[in-house]
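Understanding the architecture of this molecule
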Amino acid sequence: MIGPSSSHTAGAARLARISALIAQKPFHHVSFGLHGSFAKTYKGHGTDCALVAGVLGLSEDDERLSNAFTLAREKNLTYEFYEINIEGVHQNTVKITFSLDDGSYCEVIGSSIGGAQIIIHQINGFDVS
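Right, let's walk through the structure included here. Chains are numbered independently. Their residues run from 1 in the order of the written sequence. The predicted origin of the model limits local features to residues at a pLDDT of at least 70 and limits the giving and counting of side-chain atom pairs to 80 or more, whereas totals for whole chains, interfaces and linings rest on all residues. The side-chain figures draw on all heavy atoms in the structure; neither hydrogens nor water molecules are used.

The next point concerns the pattern of salt bridges. Pairs can form between side chains of opposite charge once their charged atoms are near each other. One side-chain nitrogen of Lys or Arg within 4 Å of one carboxyl oxygen of Asp or Glu is enough to make a salt bridge. Evaluated as defined, the whole model comprises five salt bridges. Ionic pairing is found between Glu 60 and Arg 17, a salt bridge with its closest N-O pair at 3.2 Å. In this pair, Glu 60 sits in the loop between helix H3 (47-55) and helix H4 (68-74) while Arg 17 sits in helix H1 (residues 6-23), placing the two residues 43 residues apart along the sequence. Across the pair, Arg 17 and Glu 60 agree in class, each one buried. For the salt bridge of Lys 25 with Asp 102, the shortest nitrogen-to-oxygen distance reads 3.0 Å. On the criterion of sequence distance, the pair formed by Lys 25 in the loop between H1 and strand S1 (27-35) and Asp 102 in the loop between strand S3 (92-100) and strand S4 (105-114) is long-range, its members being 77 residues apart. In this description a helix means any DSSP run of H or I spanning at least four residues, a strand means any run of E spanning at least two, and both kinds are numbered starting from the N terminus. Buried residues are those whose accessible area, probed at 1.4 Å on protein chains only, stays under 20% of the maximum for their type, while exposed residues exceed 50% and partly exposed ones sit between those limits.

And the structure:
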């Protein structure tokens, strides 16, 4: 894995990559609502970079992970980060909203629970596990 953290970096990249697979359709913008510890430390732990890398399809052990912002610019992908409070979830949780090219949206809420393991809680408002 690419660090510095198995939950804040590797798990975040995996969570974003799986979320993009769930979205299935091409997208041009992604919003990341960061909860708990993700919201407080995302820049210092590389969570922001890992999330962008993940939606670009990079795996948690891809050495290009640290170049995610440049890769996103090259693909004309825009993104934003904001703080959010989500009740009843792990401290390392993110709400990822994909703005799809067809004008629709896809929303995935998931957590990185350590050791690069993830849990998907919700897809487009429907609870999953």
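Following the structure, the description resumes.
Moving on, we come to the packing of aromatic side chains. Stacked, edge-to-face and tilted are the three classes for Phe, Tyr and Trp ring pairs, Trp counted by its six-membered ring, which pair at centre distances within 6.5 Å; planes under 30 degrees apart are stacked, over 60 edge-to-face, the rest tilted. Applying the stated rule across the entire model yields four aromatic pairs. Their ring planes at 20° and their centres at 5.5 Å tell us that Phe 69 and Tyr 79 sit as a pair that is stacked. Placement of the pair is Phe 69 in helix H4 and Tyr 79 in strand S2 (residues 78-83), with a sequence separation of ten residues. On the accessibility criterion, Phe 69 (26% relative accessible area) is partly exposed. We classify Tyr 79 as partly exposed; its relative accessible area is 26%. Look at Tyr 79 and Phe 81: their rings are 5.9 Å apart centre to centre, the planes differ by 70°, and that puts the pair in the edge-to-face class. Through pairs of rings, three or more aromatic residues link up here, namely Phe 32, Phe 69, Tyr 79 and Phe 81.

What follows covers the sheet that holds S4. DSSP bridges decide pairing: two strands pair if at least two such bridges lie between them. Strand order in the open sheet made by the six strands is S2-S1-S3-S4-S5-S6, with mixed pairing throughout. Strands with a single pairing partner mark the edges of an open sheet, and in this sheet they are S2 and strand S6 (126-127). Pairing of S1 with S3 involves eight bridges; the strand directions are antiparallel. Bridge pairing in S3 places His 29 opposite Ser 99.

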